[in-house]
Structures are given as C-alpha cells and as structure tokens.
Amino acid sequence: MEKDTQGHSFKRELGLLDGTMLVVGSMIGSGIFIVSADIARQVGSAGWLILIWVATALITMTAAVSYGELSAMFPKAGGQYVYLKEAYNKLIAFLYGWSLFGVIQTGTIAAVGVAFSKFTAYLYEPFSENNILWQIQTGVSDKGIPEHFSISAAQLVSIITIVLLTYLNSRGVKNSKILQTILTIVKILSLFGLIVFGFTLGAKAEVWNANWTNAWSTRSFSLETLQWTNISGTLLLSGISAAMVGSLFSSDAWAGVTFIAGEIKRPERNVGLSLFLGTLIVSIIYILANVMYIAVLPLDEITTAKSDRVAVVAAQHIFGQAGTIIIAVMIMISTFACNNGLIMAGARVYYTMAKDGLFFKNAAKLNGNDVPGWALWVQGIWASALCLTGKYGDLLDFVVIIVLIFYILTIYGIFILRKKMPDAERPYKAFGYPVLPFLYIIVASALCIALLIYKTNTCGWGVLIMLLGIPVYYMTRAKEEA
C-alpha cells in the first residue's frame, strides 16, 4: 500500500455499507427540505416540479454508474482527481483540485454549515442569522442604503460545527465512519418516516387533484424577473436549467466516495457499487418527498414557503406546530452527517495533489491516526471563511456550474481511456456505454451553457475562479522545477 514520506499509509477500514452510507450521507443535506420551493416558483406546476427531480435523478445516476468504470481502474485515494490526470494531464487534474478546494468542496461544506445553523435557530433563537454579533459599514448602495459586513451567531455556529467535524475526522477514519453510518441511517429512516406520515396523515385528495390540474403547463415558467406566456424550446431549456440548479446541488457530492478509495476494502468492486446503491437510494427518497409535498400542500404554499422551508410547512400540516421542531432536528442531523462525509472525503484529494507536487507539501503527510490531518485542517479553515459570506444561494450557483464542467470532462475521460489504455484491466465497465455517457455529456453541456447565459453573475464568477487556477498551476510548476 502507498505510504507517505513518514511511512504512514491509509487503512482499509471501510466496507460496502460504509461506502454507500458515505454517498447517501454526503448527498442528503438540507436541499431536499428547501429547494423545491424555488423550483416550483421557476416552473409553476406540479408536473414540471416532479419532472425536474426525475431528470436530476437520471442525470445523477448516469454519471455515478459511469464513474464505476474509472473507480475500478484506479482504486486509490484521490478519485476524480486521479481519473482526470490519467485521462488528460496534470493541468486539468490541478484545475479540478484547485476548484474543489476553492469552491466545490469547501463551498458545499460552507453552504451545508449555514443551513445547519439556520435550522438550529428554530430550537434556540439566539443562534439566528438575525442575531448580529459584529458589523462594520463597507459602503453605500446606489439607493443610499448603508452596506455592512457582519458576523452573525448563525455563521459562528456553522464554523463551530466545521471545526468540530474536522477534529473528529483528524482522529482517524474509524470514528468518522461510525458517526457517518449511524447518522445516515437515522436520516434515511427519518425521511422515509416523514414521507409515510405525509401520505397517511397529511395528504388531501382535493389538494392533490388541484395541483395536478394543468400540471404540464409551461405558461407560468419564469426565470428570475423574466416571464413569458409562449415558450420556445430555447426558453424552456433555459427555465429548466435555472430550476435544476437547486436539485443538482442537492444531488451532488456522490463522487466523494471515490476520493477515499484508498481506505475502502475491495475498492475495485465496492466503490462502484456504493455509487450505484447510494445514488439510487437518494433518488428514490427525493422523488417520493416531492410527490408527498404535492399531496400535502397546495402549489402556492410550496412556492411561498417562508425562507423556502417547504418541508417545515409540510410538517406543520402533518404534525401541527410540533412539525417545525421535527423538521429542524431532522435537518440538523442531515446536515451534520452531510458535512462529516464532505470533510472526510475532500482532504484525500488535497493529499493526492500534494503527493504530485500540486498542493501544499504538508498536505502530503498522514498524521499518527493515518489520515491527512494537515489537509483536513486547511480545508476546514477555508470552508469556515466561506461561511462568513452567509449566502446559501450564491454558493449554490458557484458550485453547480464547476461541478458539471468537471463531471463532463471526467465522463468524456472514459472515451479517452478506452483508446489510450485499451488493454487496461476494467473489472467494471460503464453501464450503457457509449450511449448513456454520451447522452450525459450532451445534457450536462446544455445545462452549463444555459446557466452561463442566464446566471452569469454567479456562475460566471465560479468559472473565473476555476480559470484562475491556470496561472497558479504554471507558477507552481516553475517553482518546482527551479
């Protein structure tokens, strides 16, 4: 087994259940409880809401099962970074690692941390984002309104959870895997319980029937302030793309299990199976949850849910006022487990990059517990800094566009490696190759283009951050060669 400079090596402590729970736990954060409200506003009907989630499930599972071939070929720490390096070159791999550290993984950790703190405030109001602990004026808006940089209690709670989980993960993979598995099983059972009680206690035939009246109308599609009555194919695609930002973000982070392949038993088999089983479980939960929302809530209550907390509104219909507390606790468990998985996985990529001379040298060392402790802490510090932005929506747009770009490149890498390494051992081959992987590339590319056109302010900045990695790469290489 590969060792670091101090003779430490990863321990294969994780089985198929652990891998699957990492996929499920990392994917299910707060999104399923929140983003359906915004999607419903964008598409304006029940049918399109469900279709968005079904399409997201198909896109996600197609990508995940395609990754199975790559994970079987390269069953070692680093996952997607390694696949890109083998298919393309170190520059493309570095841009992925740069983006992962700068935006993707740390931005997701920050967004999930912010969501955790928002729902913690349901149980203890002083933890609210409205409780401003410190602020300083940074300027004045065009309308003469003072603008401030502030730090709220919610942001501090987010940072504390990130620091705590980083510490737990630095103590070894065994403790973090037990925490991940237990919390993920709890949240799977909780979500299924919410769905079952929703259908049995909260569903109303009149609500269901009303929601499915004109369920496939495109007349109410909207894209931010733009609205139209007759939609061409281009505008329809644009509306769907904008609506899918939330569902795609909620369905992301499944690739994290490939990052920790060096700690999974029989990785050539179990990583691919974990990807398939994990994304399948999450897809079923997400679709059923949205069908439940439509059975319990009139569409206008979904679209107007306070702070987009559609699950809270649904739970209040099902359980009365106790529903608020139930959902708050569920989301706290869900986001805590989600961030544990994200924090665990991300550090392994920085470790592998550092071994290639493309990240801080200290990140290439494992600590006494055989985990990349230094990489864990530098990730935690940057994610904590991103928490201070406090803007969940902007973090979503930043992350989704870059995630899609690298998913496209990685899946196209399957085609490249089939030609580049025709005789390489492939214990598992991409399902539906070449049709399904190629279809994914087409669909994901169309989504990227639409997002860049219609969400330029946020998605454009995300792409710019990614491209800034190019000069950083060449400066890093020049320094290494000097």
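These numbers come from a predicted model, not from an experiment.

The next thing to look at is the nonpolar core. Considering soluble globular proteins, one finds that nonpolar side chains tend to be buried as a cluster. Membership of the largest hydrophobic core comes to 147 residues, with the highest contact counts inside it found for F33, W254, I327 and L404. If sequence neighbours within four positions are ignored, I327 has contacts with F33, L194, A311, V312 and A315.

On inspection of all chains with the given rule, the structure shows 22 aromatic pairs. Their ring planes at 70° and their centres at 5.3 Å tell us that F101 and F359 sit as a pair that is edge-to-face. Taken as a pair, F101 in helix 6 (residues 90–123) and F359 in the loop between helix 15 (322–355) and helix 16 (373–387) lie far apart in primary sequence, 258 residues in all. Assigned by exposure class, F101 and F359 land together as buried.

Next up on the list: the confidence of the model for the protein. In the predicted model, the protein carries a mean pLDDT of 85, and the fraction of residues at 70 or more is 90%. Residue range residues 223–233 is modelled with pLDDT below 50. Its contacts to residues more than four positions away, or to other chains, number 18 contacts.

This part is about the packing of helix 6 against helix 16. Their axes nearest at 8 Å, the elements helix 6 and helix 16 cross at an angle of 60°. Classified by the angle between their axes, helix 6 and helix 16 sit oblique to one another. The two elements helix 6 and helix 16 cross, and the hand of that crossing is right-handed. Where helix 6 approaches helix 16, its residues F101, G102, Q105, T106, G107, I109, A110 and V114 are matched on the opposing element by V378, Q379, W382, A383, L386 and C387. By residue class, the composition of the contact of helix 6 with helix 16 is nine nonpolar, five polar and no charged.

Moving on, we come to helix 16. Its 15 residues place the ends of helix 16 21 Å apart at the C-alpha level, agreeing with the 21 Å of an ideal helix rising 1.5 Å per residue. Looking at helix 16, one finds that the buried residues are G373, A375, L376, V378, Q379, G380, A383, S384, L386 and C387. On its buried face, helix 16 is in contact with helix 6, helix 7 (153–170) and helix 15.

Cis rather than trans, the peptide bond between Y433 and P434 has omega equal to 0°. In this fold, P434 is placed in the loop between helix 17 (392–420) and helix 18 (435–454). A positive phi angle, close to 45°, is found at R266, a residue other than glycine. Among the structural elements, R266 can be located in the loop between helix 11 (256–259) and helix 12 (267–296). Residue R266 is classed as exposed on the basis of its relative accessible area of 52%. One non-glycine residue with positive phi stands out, namely D370, at about 60°. Take D370: it is sitting in the loop between helix 15 and helix 16. Look at D370 and you get buried, because its relative accessible area is 10%.

Side-chain pairs of opposite charge can arise where the charged atoms are in close proximity. The tally for this structure, following the rule as stated, stands at seven salt bridges. A salt bridge links K177 to D18; the nearest nitrogen and oxygen atoms lie 3.6 Å apart. Of this pair, K177 sits in helix 8 (residues 173–202) while D18 is found in helix 1 (residues 16–27), placing the two residues 159 residues apart along the sequence. In this pair, the class of K177 matches that of D18, namely buried. Linking R426 and E69 is a salt bridge whose minimum nitrogen-to-oxygen distance equals 3.2 Å. In this pair, R426 sits in the loop between helix 17 and helix 18 while E69 sits in helix 4 (residues 46–73), placing the two residues 357 residues apart along the sequence.

A separate point is the environment of N270. With respect to the helices and strands, the residue N270 is situated in helix 12. By relative accessible area, which is 5% here, N270 ends up buried. For the pair N270 and G19, spaced 251 residues apart in the sequence, the C-alpha separation amounts to 7.3 Å. For N270, the residues in contact, after removing those within four places along its chain, are L16, I264 and K265. Within the local environment of N270, its side chain forms a polar contact with the side chain of R269, the two groups lying 2.4 Å apart.

Conventions we followed
Residues numbered from 1 in each chain as written. Predicted model: local features only at pLDDT ≥ 70, side-chain atom pairs only at ≥ 80, totals over all residues. Heavy atoms only, no water. Core = buried A, V, L, I, M, F, W, Y, C linked by side-chain atoms within 4.5 Å. Buried < 20%, exposed > 50% of the residue type's maximum accessible area, 1.4 Å probe, protein only. Contact = heavy atoms within 4.5 Å. Phe/Tyr/Trp six-rings, centres within 6.5 Å; stacked < 30°, edge-to-face > 60°. Helix = DSSP H or I, 4+ residues; strand = E, 2+ residues; numbered from the N terminus. pLDDT = per-residue confidence, 0-100. Axes fitted to C-alpha atoms, helices over the stretch in contact; angles between N-to-C directions. Parallel < 35°, antiparallel > 145°, perpendicular 65-115°, else oblique. Left-handed = near helix turned anticlockwise from the far one by under 90°. Nonpolar A, V, L, I, M, F, W, Y, C, P; charged D, E, K, R; others polar. Expected span 1.5 Å × (residues − 1). Salt bridge = Lys/Arg side-chain N within 4 Å of Asp/Glu carboxyl O. Polar contact = N/O pair within 3.5 Å; in protein donor to acceptor, adjacent residues only side chain to side chain.

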